[in-house]
Amino acid sequence: MATLQLLTTDFSKPMILLKPSLFVSTPLRHCPTSLPRFIPRASSSSSSPLSRRHFVSETAALSLALTVPLLGSPQPAKSEEPALSEWEKVSLPIDPGVVLLDIAFVPDDPKHGFLLGTRQTLLETKDGGQSWAPRSIPSAEDEDFNYRFNAISFKGKEGWIVGKPAILLHTSDAGDSWERIPLSSQLPGDMVYIKATGEKSAEMVTDEGAIYVTSNRGYNWRAAVQETVSATLNRTVSSGISGASYYTGTFNAVNRSPDGRYVAVSSRGNFFLTWEPGQPYWQPHNRSIARRIQNMGWRADGGLWLLVRGGGLFLSKGTGITEEFEEVPVQSRGFGILDVGYRSKDEAWAAGGSGILLRTTNGGKTWVRDKAADNIAANLYSVKFVDDNQGFVLGNDGVLLRYLG
């Protein structure tokens, strides 16, 4: 087993080494406008019993003729929760208070995947996400910690999981077994993201902006940036970035593009940052929108999407990194939109508070709300598309939606 150690907190010498360690219906019918009249004939007290019975039966027949048309045929019962048009809710064997955080599938076996969440939640599926079973990792249960598994990523049969408190798990057999790689207590910030980039290789990000890469299965790590975000902003207090002076916060969200570029939102949402491979520091950017930023990410065409608190959605002008954004009208009912996921270059889905689910089929120019999702009593935090036919929406209270197409 290897133990991760930072040789120095000086990011100008960004090397992490590891040394060996022993620890490892039918409609209602109208009544007829005229009804047959039954006029009883006068009779003496010596009327026969037959005539009386005849009168009673005719009267009962009239009563029945009046009652049935008014009642009509019984209506079929209607479901209180209409089915989602293109999604289905998946039942999970977990506590209702669990927040789902990430999902990933093994590229070599698209039906085999893992689902992460709070309270040390780790679920496994082997049928494409239709059913899930709890999975335990002995090396993560040795201590009295209730881990929050934040991110998971696969490349081939090799996979990685990071969580909080600091925990790093690795598999080389598609998740059949996991080994734990101990980490140094000097690691700046909590690990919030990891990306499997190749054989024995991965890229890891902390909420303080540290980016580390490994190419030997995690035995040693190299810093890709020379300093944390706090150090960068406090060193450039005259950069003109609003809210950056004496910054001591962390990331609220971080997203990676397919080509390795990052965009992150400050914890207070007052500015955002970007980083591209080869840059020594994170680049801070002022927001051009009055409301604070909730989340940001990459469109399928290489541009940016931006969500603000209160339910606003903005798209960047053109592609690449920019500070110019245009607002797109959305029917969010006043609830915040929390994430956007692209199924293709034209189709994307946005999810948010109180079951908000929106869809665009023209690259984000217009959005239509899936009203059937309004009955979902949960906040939907994340939209993940593995490919064109496989997608999921993750929420709190153990809510998982699977894309049907």
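Below, the structure is looked at part by part. Here the structure is a predicted model, which is why all the values come from computation and not from measurement.

### Considerations on unusual backbone geometry
Right, so step 1: In this structure, Pro-165 follows Lys-164 across a cis peptide bond, with omega equal to -5°.
Right, so step 2: One non-glycine residue, Arg-119, lies in positive phi territory at about 55°.
Right, so step 3: Tracing the chain through its elements places Arg-119 in the loop between strand S5 (109-117) and strand S6 (121-125).
Right, so step 4: Using a relative accessible area of 46% as the deciding quantity, one classes Arg-119 as partly exposed.
Right, so step 5: Backbone geometry places Asp-397, a non-glycine residue, at a positive phi of 55°.
Right, so step 6: Along the chain, Asp-397 falls in the loop between strand S29 (390-395) and strand S30 (400-403).

### With respect to the packing of aromatic side chains
Right, so step 1: Tallied over the full model, the rule gives 17 aromatic pairs.
Right, so step 2: With 6.1 Å between their ring centres and 70° between their planes, Phe-154 and Trp-178 make a pair best called edge-to-face. Here Trp-178 lies in the loop between strand S10 (167-171) and strand S11 (179-180) and Phe-154 lies in strand S8 (residues 148-155), a separation of 24 residues in the sequence.
Right, so step 3: Taking relative accessible area as the criterion, Trp-178 reaches 11% and is therefore assigned buried.
Right, so step 4: Between Phe-251 and Trp-282 the ring centres are 5.0 Å apart and the planes differ by 70°, which places this aromatic pair in the edge-to-face class. You can see Phe-251 sitting in strand S16 (residues 251-256) and its partner Trp-282 sitting in the loop between strand S18 (271-275) and strand S19 (283-286), a full 31 residues away along the chain. Comparing Phe-251 with Trp-282, the two get one shared label, buried.
Right, so step 5: Every member of this aromatic cluster is reached through a ring pair, and the members are Tyr-193, Phe-251, Tyr-262, Trp-275 and Trp-282.

### Brief notes about the sheet that holds strand S9 (residues 158-164)
Right, so step 1: Taken in spatial order, the 4 strands line up as S8-S9-S10-S11 in an open sheet, and their pairing is antiparallel. Looking along the sheet, the strands with just one partner apiece sit at the ends: S8 and S11.

### Focus on the pairing of S10
Right, so step 1: In terms of burial, S10 is largely enclosed, as 5 of its 5 residues are buried.
Right, so step 2: Residues Ile-167, Leu-169 and Thr-171 line one face of S10 and the alternating positions Leu-168 and His-170 line the opposite face, and both faces are buried.
Right, so step 3: In this structure, S9 lies alongside S10, joined through 5 bridges in antiparallel fashion. Of the residues in S10, the one forming a bridge with Val-162 is Leu-168.
Right, so step 4: Taking the residues that link successive antiparallel strands as the turn, the S9-S10 hairpin has 2 residues.

### What about the environment of Trp-349?
Right, so step 1: Looking at the secondary structure, you find Trp-349 in strand S25 (residues 348-352).
Right, so step 2: For the pair Trp-349 and Arg-359, spaced 10 residues apart in sequence, the C-alpha separation works out to 4.6 Å.
Right, so step 3: Reaching out from Trp-349, the side chain makes a polar contact with the side chain of Glu-347 at a distance of 3.0 Å.

### What about the side chain of Ser-139?
Right, so step 1: Examined against the element boundaries, Ser-139 turns out to sit in the loop between strand S7 (133-134) and S8.
Right, so step 2: Beyond its immediate chain neighbours, meaning those up to four positions away, Ser-139 contacts Leu-169, Trp-178 and Arg-180.

### Notes on the sheet that holds S16
Paired through backbone hydrogen bonds, the strands of a sheet run either parallel or antiparallel to each other.
Right, so step 1: The 4 strands are arranged S16-S17-S18-S19 in an open sheet whose pairing can be described as antiparallel. Two strands lie at the open edges of the sheet, namely S16 and S19, each paired on one side alone. Strand-to-strand twist in this sheet, taken as the mean axis angle between neighbours without regard to direction, amounts to 25°.
Right, so step 2: Pairing of S16 with strand S17 (residues 262-266) involves 5 bridges; the strand directions are antiparallel. Its bridge partner being in S17, Phe-251 is matched across the sheet by Ser-266.

### With respect to the pattern of salt bridges
Right, so step 1: Under the defined criterion, the tally for this structure stands at 14 salt bridges.
Right, so step 2: Here Arg-291 makes a salt bridge to Glu-327, at a shortest N to O gap of 3.6 Å. Of this pair, Arg-291 sits in the loop between S19 and strand S20 (293-298) while Glu-327 sits in strand S23 (residues 325-328); the two residues are 36 residues apart in sequence, bridging distant segments of the chain.
Right, so step 3: A residue is classified by how much of its surface remains accessible, and Arg-291, at 34% relative accessible area, is partly exposed.
Right, so step 4: Looking at Glu-327, the relative accessible area reads 48%, which means it is partly exposed.
Right, so step 5: What emerges from the salt-bridge pattern is a single network uniting Glu-86, Arg-343, Glu-347 and Arg-359.

### What about the side chain of Asp-370?
Right, so step 1: With respect to the secondary-structure elements, Asp-370 resides in the loop between strand S27 (368-369) and strand S28 (380-387).
Right, so step 2: For the buried Asp-370, no salt bridge is present, and the opposite-charge side chain at shortest range is Arg-359, 7.9 Å distant.
Right, so step 3: Ignoring anything within four residues of it in the chain, the contact list for Asp-370 reads Ser-85, Glu-86, Trp-87, Trp-349 and Leu-357.

Reading the values: the criteria
- Residues numbered from 1 in each chain as written.
- Predicted model: local features only at pLDDT ≥ 70, side-chain atom pairs only at ≥ 80, totals over all residues.
- Heavy atoms only, no water.
- Helix = DSSP H or I, 4+ residues; strand = E, 2+ residues; numbered from the N terminus.
- Buried < 20%, exposed > 50% of the residue type's maximum accessible area, 1.4 Å probe, protein only.
- Phe/Tyr/Trp six-rings, centres within 6.5 Å; stacked < 30°, edge-to-face > 60°.
- Pairing = 2+ DSSP bridges.
- Polar contact = N/O pair within 3.5 Å; in protein donor to acceptor, adjacent residues only side chain to side chain.
- Contact = heavy atoms within 4.5 Å.
- Axes fitted to C-alpha atoms, helices over the stretch in contact; angles between N-to-C directions.
- Salt bridge = Lys/Arg side-chain N within 4 Å of Asp/Glu carboxyl O.
- Lys, Arg positive; Asp, Glu negative; His and termini not counted.

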